[in-house]
Number of protein chains: 2
Amino acid sequence: MFGPLFRRGFAGGLLLSAAGVVGLRWLLQHQSDRDFGCGVNSILRKGIVFTRVDPLAQFGFPDLGPPVRWYSKHAVGWNPELRIPSWVAEHITKTSLHGPGERSKAWFRMDPAIPQSLSASDGDYKHSAWIRGHLVPVEDNKVSQQAMDEAFLYSNIIPQDKTNAEGIWRSLEDYCRELTERFRYVWVVSGPLFRPTEGTQRSIKYQIIGDAGVAVPTHLYKVVVAQGSSEQRPALAAFVIPNSPIEADWSLHSFQTELIEVERTAGLTFFPRLARVGVHAPQDLCAVDVCETQAFVDKWAKERRKMRAQG
Amino acid sequence: MFGPLFRRGFAGGLLLSAAGVVGLRWLLQHQSDRDFGCGVNSILRKGIVFTRVDPLAQFGFPDLGPPVRWYSKHAVGWNPELRIPSWVAEHITKTSLHGPGERSKAWFRMDPAIPQSLSASDGDYKHSAWIRGHLVPVEDNKVSQQAMDEAFLYSNIIPQDKTNAEGIWRSLEDYCRELTERFRYVWVVSGPLFRPTEGTQRSIKYQIIGDAGVAVPTHLYKVVVAQGSSEQRPALAAFVIPNSPIEADWSLHSFQTELIEVERTAGLTFFPRLARVGVHAPQDLCAVDVCETQAFVDKWAKERRKMRAQG
């Protein structure tokens, strides 16, 4: 059925394409190598991968682990030097907040994906003045027991003031969940900040706890993006809250901070694929929404009514 | 010349291989995506790339820049939060230390590859008590004027004590260069450390200088790997030196530190492709070499002779 001419043609086509594969593979490798920074160039030849290493990168470059760790309901950027996350990202919608995940079935655990010597553990928090604060809130990870369990990994935990965690920070978390009532999509990135003390000699000082030397952040941040539909212009707000005893009766709005200010302190670029200028640039969330929890709004409405009644 | 059978065969071969390309491309994309952490899955179909974005990663994850920046003679891991490098890696040999690069033609410059708002600049060091210390030494980058110029980029600079830079740190740099006389290949990774103060409440405190808030490290480290030939077992030593006025007449050996100790403080894994256990694990450099500069050895030999003559 297939004559020698067909076979020769077939072989010719195969050869030409094989060259294309080698070229493409080399190109992809070559392109991605410099990005990965591993200094390895691989060339596929006759099905064998030949590896050429830059002498500078012979034994590899200092490694601080992957930039992004994915979990079922959130993603984490881990800071191995400080033994806490640099950021934790989540995406919530009205429906994604509900599910069978139970808090009572979950417990704090070391993240098996993080080297033990660069991670916090139960012992580090014992006899310390700080509680184990969740960056992605437990209430946001009810979608499955796995997601709930992952919220309790130390890759999601920072040393936090107890009053703060149950007060103003809890309010900010409530507000993010309430946003899903008014916006179809909500993204929240939460993390620690280390702000300088002002004075003649400026310095940064933070406590460390436990054998691992877990860093206690001076402040916490949340950067929130909300979008009504995928066609609508997104709205953004950044909040910075001191890691100190602040009750829930404070206005969230008063903690709003310029995004660039948070980026400068954290050394991060948030939502790098979000337009910063032009017609697609985000609106100020606090200009299009209340930036206060319903509980806070109700409380002040009641106060005002009382004041009006009195006089 | 080419009959219809050949053409048909050619087309068949081309098609089969094209499928291979698509498969390979998809595989490569799919594999590398989670590593890059950008949450984008690209699928090549009929020559068009279809992109599927995980809703969590819709606007991208917080970005702290590339893990490795390559220059002609060295590589840098930049810490955007602290405005200094986390590490600078170099590879030196006896011959690579010489070339036409002139120090007098180079000057301190901001690295164009680093966002200005997350970089140090001339102004930050003015009126500060700290000098601009090179992590990869100027003397190691003579190979070309470009390499010399790149040693003066702020991506290679940390705030350093002047006496230290001209004293003990300079000795350590000299020692690394002297190693190339005895070992064919030498790798050096240098960087800053932030060590805790001990006390009832442990904390980390460091000064910051300038408008950018450039962090002043409490200590500096060098991790050195030397190898006689590519077949020989490498030798390794790690040194940690306080960023304070320490003259050159101190013994380098006394600053030797366990590698694991430096890794724990820095949150980094050095030379990840170097075997840690077994027959290929590195020897202790200070057991197979002097770990002192020739000048230090000569000075102490002279002292000993003097003492012997006196006594």
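Conventions adopted
- Residues numbered from 1 in each chain as written.
- Chains lettered and ligands numbered in written order.
- Predicted model: local features only at pLDDT ≥ 70, side-chain atom pairs only at ≥ 80, totals over all residues.
- Heavy atoms only, no water.
- Patch = residues over 30% accessible without salt bridge, like charges linked within 9 Å, V, L, I, M, F, W, Y side chains within 5 Å.
- Areas by Shrake-Rupley, 256 points an atom, 1.4 Å probe, with all protein chains shown as cover.
- Salt bridge = Lys/Arg side-chain N within 4 Å of Asp/Glu carboxyl O.
- Lys, Arg positive; Asp, Glu negative; His and termini not counted.
- Charge placed at Lys NZ, Arg CZ, Asp CG, Glu CD.
- Helix = DSSP H or I, 4+ residues; strand = E, 2+ residues; numbered from the N terminus.
- Buried < 20%, exposed > 50% of the residue type's maximum accessible area, 1.4 Å probe, protein only.
- Contact = heavy atoms within 4.5 Å.
- Disulfide = S-S within 2.5 Å.
- pLDDT = per-residue confidence, 0-100.
- UniProt positions renumbered as here; feature names shortened; annotations may be inferred.
- Phe/Tyr/Trp six-rings, centres within 6.5 Å; stacked < 30°, edge-to-face > 60°.
- Lys NZ or Arg CZ within 6 Å of the ring centre and 35° of its normal.
- Pairing = 2+ DSSP bridges.
- Polar contact = N/O pair within 3.5 Å; in protein donor to acceptor, adjacent residues only side chain to side chain.

The name an unreviewed UniProt entry assigns to chain A is Exo/endonuclease G, from the organism Eptatretus burgeri.

Chemist: Help me understand a positive patch on the surface in this model?
Modeler: Residue and element names in this part refer to chain A. On the surface, Lys302, Arg304, Arg305, Lys306 and Arg308 cluster together to form a positively charged patch. Of note, Arg308 is situated in helix α8 (residues 294-310). The class of Arg308 is exposed, set by a relative accessible area of 61%.

Chemist: Help me understand the environment of Lys105(B) in this model?
Modeler: Residues and elements named next belong to chain B. One can find Lys105 in the loop between β5 (84-92) and α2 (122-125). Distance in space between the C-alpha atoms of Lys105 and Ala281 is 42 Å, their sequence separation being 176 residues. Contact partners of Lys105, with chain neighbours within four places excluded, come to Gln145 and Asp149.

Chemist: I tried to follow the state of the cysteines on my own but got confused; where do I start?
Modeler: Among covalent bonds in proteins, the disulfide is the one between the sulfur atoms of two cysteines. Residues and elements named next belong to chain A. According to the stated counting rule, one finds two disulfides over all chains in the structure shown. Across the disulfide from Cys286 sits Cys291; the S-S distance is 2.1 Å. Taking the sign of the S-S torsion, -75° for the link of Cys286 and Cys291, the bridge is left-handed. Using a relative accessible area of 0% as the deciding quantity, one classes Cys291 as buried. No disulfide involves Cys176; its sulfur sits 9.2 Å from that of Cys291, the nearest cysteine.

Chemist: So what exactly am I meant to see when it comes to the confidence of the model for chain A here?
Modeler: Any region with low pLDDT has predicted coordinates that should not be read closely. All names here are of chain A. Averaged over chain A, the pLDDT score is 89; the fraction of residues at 70 or greater is 83%. Overall, residues 27-38 carries pLDDT values under 50, and its contacts beyond four positions in sequence, including any with other chains, amount to 24 contacts. Listed scores for the predicted complex are pTM 0.85 and ipTM 0.83.

Chemist: Can you help me understand the environment of Gly213(A) in this one?
Modeler: Here Gly213(A) is to be found in the loop between β9 (203-209) and β10 (214-215). Remark: the alpha-carbon pair of Gly213(A) and Ser121(A), spanning 92 residues in sequence, is separated by 10 Å. Those residues within four positions of Gly213(A) in sequence are excluded, and the remaining contacts are Leu82(A), Arg83(A), Ile208(A) and Arg202(B).

Chemist: When you look at the UniProt feature "domain: ENPP1-3/EXOG-like endonuclease/phosphodiesterase" (unreviewed entry) in chain A in this model, what are you seeing that I'm missing?
Modeler: Per the UniProt annotation, the sites labelled "domain: ENPP1-3/EXOG-like endonuclease/phosphodiesterase" (unreviewed entry) are residues 71-277 of chain A. With 19% helix and 29% strand, the stretch residues 71-277 of chain A has end C-alpha atoms that lie 31 Å from each other.

Chemist: Explanation requested: the packing of aromatic side chains in the structure shown.
Modeler: Counted according to the given criterion, the structure contains 24 aromatic pairs over all chains. Note on Phe61(A) and Trp70(B): the rings are 5.4 Å apart at their centroids and 80° apart in plane angle, and the pair reads as edge-to-face. Here Phe61(A) is found in the loop between β2 (48-53) and β3 (69-70), whereas its partner Trp70(B) is found in strand β3 (residues 69-70) on a different chain. Judged by its relative accessible area of 7%, Phe61(A) is buried. On the basis of an interplanar angle of 50° and a centroid distance of 6.1 Å, the ring pair of Phe296(A) and Trp300(A) is categorised as tilted. Within this pair, Phe296(A) and its partner Trp300(A) are both found in helix α8, separated by four residues, close to a single helical turn. Residue class for Phe296(A) comes out buried when judged on its relative accessible area of 14%. Three or more aromatic residues link up through ring pairs in this structure, and these residues are Phe59(A), Tyr185(B), Trp187(B) and Phe271(B). Over the ring of Phe108(A) we find Arg132(A); its NZ or CZ atom is 3.9 Å from the centre of that ring.

Chemist: For this particular structure, what's the right way to read unusual backbone geometry?
Modeler: Keep in mind that most residues, glycine aside, have a negative phi and that most peptide bonds are trans. Positive phi outside glycine occurs at Arg83(A), with the angle close to 60°. Overall, Arg83(A) belongs to the buried group, its relative accessible area being 5%. Although it is not a glycine, Phe271(B) sits at a positive phi angle of roughly 45°. Positionally, Phe271(B) belongs in the loop between α6 (259-266) and β14 (283-284).

Chemist: Please clarify how the pairing of strand β8 (residues 185-193) of chain B should be interpreted in this entry.
Modeler: For a regular strand, side-chain orientation follows a simple rule: the groups alternate between the two sheet faces. Residues and elements named next belong to chain B. Counting buried residues in β8 gives eight out of nine residues, a clear majority hidden from the surface. Judged from the five bridges that link them, β5 and β8 form a sheet pairing that is antiparallel. Directly across from His91, in β8, lies its bridge partner Trp187.

Chemist: What is the right way to look at the side chain of Glu139(A) in this model?
Modeler: Residues and elements named next belong to chain A. Secondary-structure assignment places Glu139 in the loop between β6 (131-134) and α3 (145-151). Within polar-contact distance, the side chain of Glu139 engages the side chain of Arg170 at 3.1 Å. Apart from residues no more than four positions distant in its own chain, Glu139 is found in contact with Leu97, Arg103, Arg170 and Arg177.

Chemist: Sorry if this is basic, but what is going on with the side chain of Lys73(B) here?
Modeler: Residues and elements named next belong to chain B. Take Lys73: it is sitting in the loop between β3 and β4 (74-79). Buried within the structure, Lys73 lacks any salt-bridge partner; Glu90 is the closest side chain of opposite charge, at an N-O distance of 5.8 Å. In terms of polar contacts, Lys73 uses its side chain to reach the backbone carbonyl oxygen of His91, at 2.5 Å. In contact with Lys73, other than residues within four places in its own chain, are Glu90, His91, Ile92, Ser96, Asp140, Asn141, Val143, Ala147 and Glu150.

Chemist: So what exactly am I meant to see when it comes to the sheet that holds β10(A) here?
Modeler: Whenever strands of a sheet pair, they do so through backbone hydrogen bonds, lying parallel or antiparallel. If you walk across this open sheet you meet the four strands as β10(A)-β9(A)-β9(B)-β10(B), and the pairing is antiparallel. Looking at strand neighbours, the two that pair on one side only are β10 of chain A together with β10 (214-215) of chain B, the edges of this open sheet. Of the pairings in the sheet, the one linking β9(A) to strand β9 (residues 203-209) of chain B comprises five bridges and is antiparallel in character. Across the sheet, Ser203(A) pairs through a bridge with Gln207(B), a residue of β9(B).

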